[in-house]
Every structure is written in C-alpha cells, then in structure tokens.
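Summary of structural features
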Amino acid sequence: MDLFAQLLVNGLGNGSRYALLGLGFGLIFGTTRIVHFAYGPIYAVAAYAAWLAASAAGLPLAISAAIGVAGAALAGAAVYGLAYRPFEARGMSSHSVLILSLALSIVLDSLLTLAFTPSVQTIPEFTAPIFILGPVYVTALQLGQIAAVVAVAAILTLFLRRTRYGQAILALGDNRDMARIVGIDTDRISLVVFAIGSAVSAIAAVFTLLNEGATPTMGFNPVFIAFVVAVVGGLGSIPGAIAGGYLVGLVESLGLWKIPTEWQNSIAFVLLFLVMLVRPQGLFSGLKR
Amino acid sequence: MTTNTLPLQHAVTDGAPPAPAKAPSRRSVASMLALAPAMAFAGRAYAAEPPKDPPVFRIGALLGLTDKGNWNALVMQRAIQMAVEEINAAGGVEGIKVEAAIEDHQGVPRVGVDAMQRLRARYDIQAVLLSYSAVGLAVAPIGEEHKIFMLDGGSVTDALVGPFKYLYHNRSVASVVARAVLTVPKQMGFKKMAQMAAVTDDGQSLIRAAEADWKAYGGEITATEQAMSNASNIDTQMAKLRNTNADFLAVWQFSPGPGLVMKRAREFGMKQPIIGVEYTADIGKVAGPHSEGYIFASDYFNPNASDPWPQRFAAEYRKRFNDNPEVYAANYYEGIHVICEAIKRSRAQGGDYFTGERIRAALLANPKVPSVYGGDMTFKPDGTGLKRVGIFKVTNGEAKFQNFAEIN
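Residues numbered from 1 in each chain as written. Chains lettered and ligands numbered in written order. Predicted model: local features only at pLDDT ≥ 70, side-chain atom pairs only at ≥ 80, totals over all residues. Heavy atoms only, no water.

Considering the overall build of chain A
- In terms of helices and strands, chain A carries eleven helices and two strands.
- Reading chain A from its N end, one meets helices and strands in the order α-α-α-α-β-β-α-α-α-α-α-α-α.
- Against the 2.2 N^0.38 benchmark of 19 Å for 289 residues, chain A shows a C-alpha radius of gyration of 19 Å, consistent with a compact globule.
- Overall, chain A is about 60 × 50 × 35 Å in size when its C-alpha atoms are taken along their principal axes.
- Looking at chain A as a whole, 54% of its 289 residues are labelled buried.
- Across chain A, every contact between residues at least 6 apart in sequence was considered, and the portion connecting residues at least 24 apart equals 75%.
- Taken as a whole, chain A presents about 12,200 Å² of accessible surface, with 72% of it coming from carbon and sulfur.
- Computed over 14 positive and 11 negative side-chain charges, the inter-centroid distance for chain A is 12 Å. (Helix = DSSP H or I, 4+ residues; strand = E, 2+ residues; numbered from the N terminus. Rg over C-alpha atoms; globule rule 2.2 N^0.38 Å. Buried < 20%, exposed > 50% of the residue type's maximum accessible area, 1.4 Å probe, protein only. Contact = heavy atoms within 4.5 Å. Areas by Shrake-Rupley, 256 points an atom, 1.4 Å probe, with all protein chains shown as cover. Lys, Arg positive; Asp, Glu negative; His and termini not counted. Charge placed at Lys NZ, Arg CZ, Asp CG, Glu CD.)

Observations regarding the sheet that holds strand 12 (residues 376-379) of chain B
All names here are of chain B.
- Pairing is antiparallel across the open sheet formed by three strands, whose spatial order is 11-12-13. Strands with a single pairing partner mark the edges of an open sheet, and in this sheet they are strand 11 (368-370) and strand 13 (385-386).
- Pairing between strand 12 and strand 13: two bridges, direction antiparallel. Each residue of the ladder has a partner; that of F379, found in strand 13, is G385.
- This element, helix 12 (residues 327-348), spans strand 11 and strand 12 of the sheet and lies at about 125° to strand 11. (Pairing = 2+ DSSP bridges. Axes fitted to C-alpha atoms, helices over the stretch in contact; angles between N-to-C directions.)

Brief notes about the interface of chain A and chain B
- Counting from both sides, the interface comprises 33 residues of chain A and, opposite them, 31 residues of chain B.
- For the pair chain A and chain B, the interface holds zero salt bridges.
- Across the chain A-chain B interface, the total number found is 15 residue pairs in polar contact (both at pLDDT 80 or more).
- Where the side of chain A that touches chain B is concerned, the elements lending two or more residues are helix 1 (2-32), strand 2 (136-139), helix 8 (186-212), helix 9 (220-233), helix 10 (238-258) and helix 11 (264-278) of chain A.
- In terms of residue count, helix 1 of chain A provides more of the side of chain A that touches chain B than any other element does, seven residues in total.
- The class makeup of the residues in the side of chain A that touches chain B is 13 nonpolar, 16 polar and four charged. (Salt bridge = Lys/Arg side-chain N within 4 Å of Asp/Glu carboxyl O. Polar contact = N/O pair within 3.5 Å; in protein donor to acceptor, adjacent residues only side chain to side chain. Nonpolar A, V, L, I, M, F, W, Y, C, P; charged D, E, K, R; others polar.)

With respect to empty space enclosed by the protein
Residues and elements named next belong to chain A.
- Taken as a whole, this structure holds three cavities of 30 Å³ or more when the rule is applied.
- In this model, the largest cavity occupies a volume close to 120 Å³.
- Where the lining of the largest cavity is concerned, the elements lending two or more residues are helix 1, helix 5 (140-162) and helix 8.
- Taken together, the residues that form the lining of the largest cavity break down as two nonpolar, nine polar and three charged.
- Put simply, the second largest cavity is a space of about 70 Å³. (1 Å grid on protein atoms, 1.4 Å probe; cavity = no way out; pocket = protein on both sides within 12 Å on 5 of 7 lines; lining within 4 Å. Points joined across faces, edges and corners; volume = space filled by probe spheres on them.)

Details of the packing of helix 6 (residues 164-174) of chain A against helix 8 of chain A
Residues and elements named next belong to chain A.
- Between helix 6 and helix 8, the shortest axis-to-axis distance is 10 Å and the interhelical angle comes to 100°. Relative to helix 8, the element helix 6 lies roughly perpendicular. Residues Y165, A168, I169 and L172 of helix 6 touch helix 8, and the partners they reach there are T186, R188, I189, S190, V192, V193 and I196.
- In terms of residue class, the contact of helix 6 with helix 8 is built from eight nonpolar, two polar and one charged. (Parallel < 35°, antiparallel > 145°, perpendicular 65-115°, else oblique.)

Notes on the sheet that holds strand 10 (residues 295-299) of chain B
Residue and element names in this part refer to chain B.
- Taken in spatial order, the seven strands make up an open sheet running 7-6-8-9-10-14-15, and their pairing is mixed. The two strands at the open ends of the sheet, each matched to only one other strand, are strand 7 (220-227) and strand 15 (398-404). In this sheet, neighbouring strand axes are inclined to one another by 25° on average, regardless of whether the strands run parallel or antiparallel.
- Sheet analysis places strand 6 (residues 192-198) next to strand 7, joined by seven bridges and oriented parallel. The residue of strand 7 that forms the bridge with A198 is A227.
- Contacts from helix 6 (residues 174-187) reach strand 6, strand 8 (248-252), strand 9 (274-276), strand 10 and strand 14 (389-395), with the element oriented near 55° to strand 14.

This is the structure we're talking about:
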C-alpha cells in the first residue's frame, strides 16, 4: 500500500508535466493543424533561457522562469513566422510542412548543441524541499507542477472565453476559411497561438531544468508525450489535455507497479492505441474549450 | 627475419593462446626439412619487400555525434582530433600523416551500418574506432567480413567480446567493472542488492555480470529495475527500489543517468550506499550534493601519474578544452595511438602493411602497447585490454581514488 501511494503521487506529479506539454501542443495543432515537431527544441530553448538567466545573470528563480517562458514564446512565434508561414503562403501541402517541422527540429537541436555544448546544464543552487507524508515522499517540484496545471488551465480558459484574441483562436480552430472570411487575421492569430503554446510548454521545461538539468536534446521525448496526451485527450480541448496528461502519468506510474519497468516507454503508446480504438476523437473532443 | 614472420602468420590464423607443444613425428620432421629452403626463401622475399606506403593513414571513427546523449561522443571526437594533431605535429607515423574520418551513427545501429559502409566505400578504411554497444554489435560483422581492425574504447558490453577477432577493446568490459565495484559491498558485509540498469546492451551485460558475481558470493538481489539511458521520469523505478529495503543500490547506467538515479534515490529517502561504474562531470551536475559518497569502479586514468604521458595528455587536454579529461577522452586519444603504434610495427614487416589484418597481426605478435593511463596495456587473445580498475569515492563532488580492485 505504501508503494501504491508513492506511485500515485509520482503519477500525479509527472501527469501534471505531461498535461502542460499536451496543453501547449494541442493548442497549436488544434488551431493551426501544424504537427509542430520543433516543439521539442523550443521546450529546450525555454530551459536554456531560464538557465542563462539564473546561472549567468544570477537572477532570482521566479524571474529566470519568466524569462524562460518569454524566450519560448518568442522562439515559437519566430518558428511560425519565419518557417511555417512562408510554406503555408506558398500553398505547400501539410506533408511538406510536417517534413519542415522535422527538419527544423534537427536543425534547432544542432544549434542548441553548438551554442551550449551537449553537457548537462543545471542550477546547482536550487534544491527542491521534500515533504514526508507518512510513507510518501513529495517534492516541492511535484506540488509546483500540479499548481502550475491548475493556474495555466484557469488562465487559458479565461483568455479563450473572455478576450477577442481568445475568441479569434476558437474561431480559427473551428474553421480557418470561415475565420478569414469574417475578417480574422489568421496569420497573426496563428503567431499568437504558437507563442502561447510554446510558453505553456516552457513551464514544463523549467520544471525539468530544476529536476534534472537542460540538454540540447531534452525535448525529444516530450514532443511524443505531448502528441500522445493531446490525441488521447482530444485535440484542442483544455480539459482533454489535462485528463490526457494525468491519464498517461498515472497509467505509466501505476502500470509499472506490476509490469517490468523496461516497458515504460511503450505504455503511453499502448494507451494511445487503446483510446484510438475505442474513441478515435479523443476523450474530450466533443467539448469546446 | 624468417623467425619473425612465421610466428606472426601463425598468430593471424588462429588468434587463440598457443596449444601445448607436441613432439613432431618422423614424417612431419621430414616434411619440414624438405620445405625448409622454400619457407626460408618465402620468408626472405616477404620481409625484403619494401613497405607499400599509402599517402595517408586514414583511421575511421563511428561516434554518436547527434545521438540524444551525445556528450561522450563529442568528448571522443575532440580527443581523437587532438591525438591526430599531436601525431602529425611530430612528423606523423614514419613520416606519413594520419587523418581521422569521423562518421556519425546517431546512436542508431542501422545508421551505424550505413556509416561503416561509407567509410569502406569512400576510404577503403582499414582501422576504425567504435562506440556504443548496439552500434558495435551491428557494424562488427562488417568489419569482420572485410578484415577491418576495430577498437572500441566506449562500450562495456560482454556481447562484443569473443565473436569478432578483428574487434579489440581498450575499455574494461562489464564482467570486469561490475565485479570490481561489487568488491566494495562485499567488504562491507552487505547481502541484499537492488539494481537500476539502462535498457541498453551495456546495461544488460552489467546486470548479467553483477548477478552472476553476487549470487556466487551468496548475496540476494531484491529488485532489478530498468529505464532508457536518457529517461527523465524514473520515479516508478525508484519507488519500487526503495520498497525492497536493499542494503545498497547498484546503478548500471552511464552518463548522465546515474546522476538522476542518485538524486531521486535520495529525494525518495533512500539512505543506502550507491555504487556504479561511471562518474562524469554531467553525472555530478545532475546529482548535485546527492553524489556524496557514491562509489564507482572505472578504468583509472590518473592525470597526476608519475608517467609523463598521462601528465602531458591531461595538461594539453585542459589547455585546449578547458575541461578535465576522463575515461572517454583518454580511451579515444589512446585508441588513435594504439592503432598508430600497430601500423608502425606492421610497417617494419614490409609489404602491404596498412591492412586491418596486418594491424591485428602486429598486435597479436606483441600485445603490449603504451597506454595513456601509464605504463603498458596488454591485449588478451580475446581482444580485451588489461587495465587496472580503480575504485573511487565521490567526496565534495570530486572522484577520489581509493584503491585498485582486487579481482581474479
């Protein structure tokens, strides 16, 4: 029972990080229909920006984290504006854009390696406090991740429902052509979506930086997790991304209770397969943000 | 010269330790006498043949430069380039320049196979440095088929030892390092071991070697958990390991994996000693203060050794890269020197000497080569290099040498 409780807490902690990843990825894909594989390197950019601010500039952690989020938002918008947008403007197929996103991912990974070396970069001054609740150990980072999901989901929901930009994003996600006809600047809205989606992923990246450090390829696995979470939850659905994140996190953690842990990487994809079989539209696709 | 060439050719054909001598029969003595003039003539002709020098000695290297965990590949690359530059600055090998042809295998066996084929097609490569156990297992049959001399200074898997006669190792393999580090918990009187391993061939080799050794000692294995070498979520594994109340935790992973294991183990309240087979700057960074007391076994590269070569190498490496050399840097730097030394010996025999077969033969004829670890390294007939394995303990973030492991 002690082990079960610990695995449950671990699943909630990791599920929170997955939910953040799924929220950002789902928002971008659900609105622009671009499978954004360069999401991984942008995630890494966020970690490095925060690391530079904390280590090189010596800024407080909260400000460094904010710089990481801002850096990712800028990088995400730049990727859309400088890479995807010109392709779309020339009427390239979605397959071409997909290949471009893969190429971008490789190029950005390499640029990060050149800039920061492949060594791990950490913030040695940071140590997460640990709370002992009976047989269960909970770190401040795990609690922080859960709090971050709640805050991001609330802010995103309010933004989408109450602001003009939010309404425009919803309209774009529903029907791009119709949104254009009614006068929405779809390029600008897509740019904003890329900035917001990248910023959301940056929050997860900062937690990863604090937990294990930053490496140029740290975004490789998160892209796939984000994809699984977004599809399992239902593309473009905020409750879906959150449910998908926690489902993947808990299934991964509790599933390995009895299954050998070398299957860890397969569990998320088995879950994806099962959900696709039973509910191809995802768990929450019927709901609007 | 005849006496030199015959043992050499004998060694090339079997590569195994010499069988006990048998008394020759009368018939075989008569045959030998009859053939003696021909053999003497043939030997003279072979030895007298001038060396066929290539314009350059091109040595291949297959490194995981764009692999997800490419830190060690970049260390290997700069060590290789440093060795090549040093050798060329000193006039090359017998006046001939050395070049490194480095290919990226991305940590993917299929890409490694393509890279090996490219090295063959483009350069007719005769000697190559390998890295990564999975890639090594994929490309070694190609090297074997085409008689390319291969030297692996990175992977520790036992699966690469034995089946490939052209494959040599200048890093101590799993069966050696696992046994070496397990001497420590044995001395402490521990009985219950929990293991955390990488899902790689190296990790599996270490599990096999450690389990055999620990069971032979009479110990118990309470849990074996595994994770990908670059996994960031190992919480389930750590929770399961903690639950078994082992006396100590063995980490069969490589950089930066052990760093995260140490960090999470301590965060989950595990106070047991942690042992492993590697400690690098990256491991130290990820583990932070949780690396304190970590014990590991590794080939012992001591930059302050009394031998001038390790000292010179360490000083130059620090000067060039503002970094301390560790086992990967030392092994790949050494790898280039080992191959160049074998080429030099092979050239002394004359003829078409720059072939994988002749390079291997030169090492079989004399398996002792100078080592950047100090003194000489001796290659065993199975291709593994005999180095002394050191036991280290991390104190204030620094790996401190404790003693050499006493293993049979």
